[in-house]
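Working through the structure, step by step
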Amino acid sequence: MNVSAQTPGSWRRILGTLALAVLLEQLPWSGWALVVRPDFVLVGVLFWTLHQPARIGFGTAFCLGLLVDFQDGAVFGQHAIAYVIGVYLVLYLRLRLLQFDPHRQAAQMFPILLGVQTVVLLVGWLAVNPPAGLSILIPVLGSTVLWYLVALFVRLWHGKGAQDRA
Amino acid sequence: MAMPGQLMFARGLGPTARLLIWLVVGVSLVVVDVRYHALDGLRSGFSMLLQPVREAMRVPGEVATELTGFFTRHRLLQKERDALLAERTQLLVGVNNAKELARENAELRKLLKLQTRPGQQVVHAALLYQGHDWFAQRLTLDQGGGAGLRTGLPVVDADGLVGQVTRVYPGSSEVTLVSSAEQLTPVFVERTGQRGLAAGTGHGLMELRYMPAQTDLRPGDRLLTSGIDRVYPAGIPVATVNRVSRSQSSPYLRVDCLPLAGLDRSRGVLVLIAEPQVTAR
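Residues numbered from 1 in each chain as written. Chains lettered and ligands numbered in written order. Predicted model: local features only at pLDDT ≥ 70, side-chain atom pairs only at ≥ 80, totals over all residues.

Moving on to the overall build of chain B. In terms of regular secondary structure, chain B is built from three helices and twelve strands. Counting over 281 residues, chain B shows a buried share of 29%. (Helix = DSSP H or I, 4+ residues; strand = E, 2+ residues; numbered from the N terminus. Buried ≥ 20, exposed ≤ 12 C-beta atoms within 10 Å, placed from the backbone.)

If you want it as structure tokens, here you go:
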């Protein structure tokens with residue numbers, strides 16, 4: 001059984017990282033940084049869904065999605081729906097994702113993050129009006145890079161090499 | 001040990017069922033919000049909750065600005081001060097002139113028995129947060145209903161029209177930018193006086209709509225608010241014409257405009273609050 005990626009996730013640690021994600025999102029981002037800004041909250045939620053599925057799941061994702069909706073002045077439910085779908089995808093691919101080293105895991109997360117952002121796009125499209133171009137998909141790159149860094153950090157924290165010795 | 005009649009693996013709902021439940025909740029939220037606008041209370045609640053957090057998260061940036069500002073060279077400051085003093089003198093001359101004109105205008109209006117224009121009050125507001133919504137471009141300001149803001153008020157900066165207040169919370173408010181998609185602004189061309197309708201494109205640009213093909217328009221023309229809608233006061237600079245092109249398929253010109261206000265740069269803006277109409281005595 002592969003328990004290498006199971007971090008001892010206490011409630012304090014989980015809530016701490018999620019609060020940090022919300023705080024980072026509150027920074028006054030602008031210009032290019034705003035365009036590529038990773039979705040900190042989404043990465044946080046999906047990370048804990050992957051490692052602590054019994055604690056963090058659909059409910060948390062939905063509530064944090066509502067918070068992000070407020071933050072962006074978007075329709076309520078837009079990010080909430082997308083985050084819930086992201087959680088489902090991660091749960092579905094969980095055993096597979098846990099086997100990979102950070103960069104492969106990030107590569108696997110890319111389509112999931114892309115899917116989540118596409119749902120945001122679709123819900124906004126159906127509910128409000130057509131989006132102005134596809135720049136909405138750019139933050140996915142930032143989120144993937146963030147995922148890679150987080151996964152790498154966790155792995156190094158546990159004293160394992162950055163790559164699988166295979 | 002599993003007993004007969006007892007589930008060996010007691011478990012809750014599977015992920016698919018949970019997903020479906022949350023999706024139903026989500027979709028109903030979207031419908032309730034878009035169709036019935038019933039969630040403004042929730043928005044206000046979030047705003048109360050996040051307001052102090054946002055204020056706090058501005059501190060690092062402000063400290064950095066303070067620090068870099070501290071090390072600005074003395075010489076530079078002196079130069080800036082001289083420039084500002086010169087500008088102030090010039091502006092004072094202009095203000096005297098304007099006072100004189102206003103007095104004359106008031107007298108002429110009295111002679112012509114025209115209604116006096118409503119007075120104006122301004123509220124300074126600082127940019128608190130820039131939204132990340134791709135469907136309508138919004139800013140969050142640090143002033144709200146407490147400072148007398150209402151939805152629909154125009155927001156300007158030193159260079160021109162920024163947008164319109166669209167949501168008001170007790171301590172903050174949201175502004176939809178003029179360049180936001182489907183945001184319409186009635187304007188006129190400064191050089192010719194031709195009236196038109198400027199619309200945001202959603203890419204930080206604007207276009208002037210429904211201008212007949214023979215309209216006299218040149219790149220560089222300034223567009224000012226016409227004041228016809230009674231939302232914006234007349235004469236606020238909105239945009240400059242960037243490119244005028246004629247299309248074969250449409251009877252109208254395609255006019256691309258560049259907003260004048262620093263939509264993505266200005267940190268401080270003014271909200272114009274029109275005072276109630278002053279009745280002529």
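Since there are 3.6 residues in each turn of an α-helix, residues three or four apart along the chain are aligned in direction. With 14 residues, helix 4 (residues 58-71) of chain A should reach 20 Å at 1.5 Å per residue; the first-to-last C-alpha distance of 20 Å fits that figure. By the burial criterion, the buried members of helix 4 of chain A are Phe58(A), Ala61(A), Phe62(A), Leu64(A), Gly65(A), Leu66(A), Val68(A), Asp69(A), Phe70(A) and Gln71(A). Considering only its buried residues, helix 4 of chain A is in contact with helix 1 (11-26), helix 3 (40-51) and helix 5 (78-92) of chain A together with helix 1 (15-36) and helix 2 (40-70) of chain B. Of the residues flanking the end of helix 4 of chain A, it is Gly73(A), one or two places downstream, whose phi is positive at about 65 degrees. (Expected span 1.5 Å × (residues − 1). Contact = placed C-beta atoms within 7 Å.)

For the rest of this paragraph, the subject is the interface of chain B and chain A. Buried accessible area, meaning the area lost when the parts come together, often serves as the stated size of an interface. If you look at the interface, chain B gives 37 residues, while chain A gives 35 residues. A total of eleven residues in the side of chain B that touches chain A trace back to one element, the largest contributor, which is helix 1 of chain B. Looking at side-chain class alone, the side of chain B that touches chain A contains 19 nonpolar, eight polar and ten charged residues. (Nonpolar A, V, L, I, M, F, W, Y, C, P; charged D, E, K, R; others polar.)

The next subject is the pairing of strand 7 (residues 195-200) of chain B. Residue and element names in this part refer to chain B. Alignment of strand 6 (residues 184-189) against strand 7, held across five bridges, turns out to be antiparallel. Across the sheet, Phe188 pairs through a bridge with Arg195, a residue of strand 7. Remark: five residues form the turn of the hairpin made by strand 6 and strand 7, two consecutive strands paired antiparallel; Gly193 in that turn has positive phi of roughly 80 degrees. For strand 7 and strand 8 (residues 206-209), the ladder comprises four bridges, and the chain directions are antiparallel. Bridge pairing links Ala199 to Glu207 in strand 8. Following strand 7, the chain reverses through five residues before pairing antiparallel with strand 8; Gly202 in that reversal takes a positive phi of roughly 95 degrees. (Pairing = 2+ DSSP bridges.)

Attention shifts here to the packing of helix 5 of chain A against helix 1 of chain B. Viewed as axis vectors pointing N to C, helix 5 of chain A and helix 1 of chain B meet at an angle of 170 degrees, and their least axial separation amounts to 8 Å. Classified by the angle between their axes, helix 5 of chain A and helix 1 of chain B sit roughly antiparallel to one another. Within the contact between the two elements, helix 5 of chain A uses Gln78(A), Ala80(A), Ile81(A), Val84(A), Tyr88(A) and Leu91(A) and helix 1 of chain B uses Pro15(B), Leu19(B), Trp22(B), Leu23(B), Gly26(B), Val27(B), Leu29(B) and Val30(B). Residues belonging to the contact of helix 5 of chain A with helix 1 of chain B are distributed by class as follows: twelve nonpolar, two polar and no charged. (Axes fitted to C-alpha atoms, helices over the stretch in contact; angles between N-to-C directions. Parallel < 35°, antiparallel > 145°, perpendicular 65-115°, else oblique.)

On to the sheet that holds strand 7 of chain B. Within a sheet, adjacent strands bond to each other through the backbone by hydrogen bonds, running parallel or antiparallel. Spatially, the six strands close up into a barrel ordered 6-7-8-11-10-9 (chain B), and their pairing is antiparallel. Between one strand and the next, the sheet's axes are offset by a mean angle of 40 degrees, whatever the strand orientation.

Moving on to the nonpolar core. In summary, soluble globular proteins display a tendency toward joint burial of nonpolar side chains. Counting residues in each nonpolar core, the largest one holds 49 residues, and the members touching the most others are Val45(A), Tyr83(A), Val84(A) and Val87(A). Here this core gets eleven residues from one element, more than from any other, and that element is helix 5 of chain A. Residue contacts for Tyr83(A): discarding those within four places in its chain leaves Leu42(A), Val45(A), Ala61(A), Phe62(A), Leu64(A), Gly65(A) and Val116(A). Judged by nonpolar contacts, the second largest core, of 40 residues, contains Val155(B), Ala199(B), Ala239(B) and Leu260(B). (Core = buried A, V, L, I, M, F, W, Y, C linked by C-beta atoms within 7 Å.)

Residue and element names in this part refer to chain B. One non-glycine residue, His37, lies in positive phi territory at about 50 degrees. Position of His37 relative to the elements: it lies in the loop between helix 1 and helix 2. Backbone geometry places Tyr210, a non-glycine residue, at a positive phi of 55 degrees. As for its position among the elements, Tyr210 is in the loop between strand 8 and strand 9 (222-225). Under the C-beta neighbour-count criterion, Tyr210 is labelled partly exposed, with 13 such atoms within 10 Å.

Residues and elements named next belong to chain B. Of all the five residues making up strand 5 (residues 173-177), five are buried; the element is thus mostly covered by neighbouring parts of the structure. Neither face of strand 5 is exposed, since Ser173, Val175 and Leu177 on one face and Glu174 and Thr176 on the opposite face are all buried. Bridge analysis of strand 4 (residues 161-168) against strand 5 gives five bridges, and the strand direction is antiparallel. Within strand 5, the residue paired with Gly163 across the bridge is Leu177. Counting the residues between successive antiparallel strands, the hairpin from strand 4 to strand 5 contains four residues.

On to the domain arrangement of chain B, then. Residues and elements named next belong to chain B. Once the domains are mapped, chain B shows domain 1 (18-71), domain 2 (76-114) and domain 3 (119-281). One C-alpha centre belongs to domain 1, the other to domain 3; they are set 24 Å apart. Contact with domain 1, which involves six residues of that partner, is made by six residues of domain 3. (Domains from an automatic or database assignment.)

Structurally, Phe58(A) can be placed in helix 4. If we ignore the near neighbours within four places in the chain, the residues touching Phe58(A) are Val84(A), Val87(A), Arg18(B), Leu19(B) and Trp22(B).

Two quantities define a packed helix pair, namely the angle between the axes and the distance from one axis to the other. Residues and elements named next belong to chain A. One way to put it is that helix 3 packs onto helix 5 with a least axis distance of 9 Å and a crossing angle of 30 degrees. Here helix 5 runs roughly parallel to helix 3, going by the angle between their axes. Seen from above, helix 3 lies across helix 5 with right-handed handedness. Between helix 3, through Leu42, Val45, Leu46, Thr49 and Leu50, and helix 5, the contact on the second element is made entirely by Tyr83, Gly86, Val87, Val90 and Leu91. Looking at the contact of helix 3 with helix 5 residue by residue, the classes come out as eight nonpolar, two polar and no charged. (Left-handed = near helix turned anticlockwise from the far one by under 90°.)

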